[in-house]
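Given next are the chains, with one letter for each unit.
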Amino acid sequence: RRSELVALDLEDVTVTDAGLKVLIRFSKTDQAGAGEEIGIHRSSDPRLCPVDALESWLQLRGRQPGALFCQMTRTGNVRPVRLSDRGVVRAVKAAAVAIGLAPEGYAGHSLRAGLATSASNAGADLLHIMNQTRHRSVETVRRYVRDAEIWRNNVTRLILP
């Protein structure tokens, strides 16, 4: 969730050999603030690696305590002010435009929905997707992954030549 993303502080993220460990201290489904840790694997492709992306960001941001994701000025300087949820939306839309997509179809929620959809298309089962996205409802996740799910373990493959 974008609210969880902008709430992250530098100390909530730990780099490990496997990737990133991220502590979500509070969320919509964790109103008591018990916290939950998730893992994000490294990628062998440096263009897609979350650890490499974080390291690049920290070179700009610096390693002082505080908000992990900060605002930037139009001239590219980092401001020591926490990024807003609207800032996440603007970043997602800008990324869509950068790869030739219409920004109207994308928002902050696209990050979570895209993860669920891509994981399902890669063969992940619903429970593993729910563990990562921290969805509590199978029906909510199924809305994201329905297209991939209709082909996985489809019985018509067993009866058609």
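Residues numbered from 1 in each chain as written. Predicted model: local features only at pLDDT ≥ 70, side-chain atom pairs only at ≥ 80, totals over all residues. Heavy atoms only, no water.

> Looking at this structure, I do not really get the overall build of the chain. What am I missing?
A tally of helices and strands in the chain yields seven helices and five strands. Its helices and strands in sequence order give the chain the pattern α-β-β-β-α-β-β-α-α-α-α-α, from N to C terminus. Counting only C-alpha atoms and orienting by the principal axes, one finds that the chain spans roughly 60 × 40 × 30 Å. Counting only residues that meet the buried cut, the chain has 28% of its 161 residues in that class. Contacts in the chain between residues far apart in sequence, at least 24 positions, make up 39% of those at least 6 positions apart. Computed over 23 positive and 17 negative side-chain charges, the separation of the two mean positions in the chain equals 5 Å. (Helix = DSSP H or I, 4+ residues; strand = E, 2+ residues; numbered from the N terminus. Buried < 20%, exposed > 50% of the residue type's maximum accessible area, 1.4 Å probe, protein only. Contact = heavy atoms within 4.5 Å. Lys, Arg positive; Asp, Glu negative; His and termini not counted. Charge placed at Lys NZ, Arg CZ, Asp CG, Glu CD.)

> Just to check I follow, could you spell out unusual backbone geometry for this structure?
Backbone geometry follows two general trends: most residues other than glycine have a negative phi, and most peptide bonds adopt the trans configuration. Located in the positive-phi region is Arg134, a residue other than glycine, with phi close to 60°. Looking at where Arg134 falls in the secondary structure, it is placed in the loop between helix H5 (126–133) and helix H6 (138–149).

> Please explain the pattern of salt bridges as it appears in this structure.
Between side chains of opposite charge, a pair can form when the charged atoms approach closely. This structure, assessed with the given rule, holds eight salt bridges. Between Glu4 and Arg1 there is a salt bridge, with the nearest N and O atoms lying 2.9 Å from each other. Using a relative accessible area of 6% as the deciding quantity, one classes Glu4 as buried. Since its relative accessible area comes to 24%, Arg1 is described here as partly exposed. For Glu55, the salt bridge identified is with Arg63, shortest N-O distance 2.5 Å. Via salt bridges that share partners, Arg1, Glu4, Glu36, Arg134 and Arg136 belong to a single interconnected network. (Salt bridge = Lys/Arg side-chain N within 4 Å of Asp/Glu carboxyl O.)

> Can you help me understand the nonpolar core in this one?
Soluble globular proteins tend to bury their nonpolar side chains together. Ranked by internal contacts, the top residues of the largest apolar core, which has 15 residues, are Leu8, Val13, Leu20, Val22, Leu54, Leu58 and Leu68. At the level of elements, strand S2 (19–24) and helix H2 (50–61) are the ones that each hand at least two residues to this core. Of the residues forming this core, the biggest block, four residues, is contributed by H2. Sequence-distant contacts of Leu8, defined by excluding residues within four places in its chain, comprise Val22, Leu23, Ile24, Ala67, Leu68, Phe69 and Arg82. Core analysis: the next-biggest nonpolar cluster, separate from the first, contains eight residues, Ala116, Ile129, Met130 and Val141 among them. (Core = buried A, V, L, I, M, F, W, Y, C linked by side-chain atoms within 4.5 Å.)

> Mind showing me how you'd approach the pairing of strand S5 (residues 78–82) here?
Strand residues, when the strand is regular, have side chains that alternate between the two faces of the sheet. Bridge analysis of strand S4 (residues 70–72) against S5 gives two bridges, and the strand direction is antiparallel. Looking at the pairing, Cys70 lines up with Arg82 of S5. (Pairing = 2+ DSSP bridges.)

> Please explain the pairing of S2 as it appears in this structure.
In terms of strand pairing, strand S1 (residues 13–15) meets S2 through three bridges, oriented antiparallel. Within the sheet, the bridge partner assigned to Val13 lies in S2 and is Val22. Hairpin connection, S1 to S2: the antiparallel pair is bridged by three residues. Bridge analysis of S2 against strand S3 (residues 36–41) gives six bridges, and the strand direction is antiparallel. By the bridge assignment, Ile24 is partnered in S3 with Glu36.

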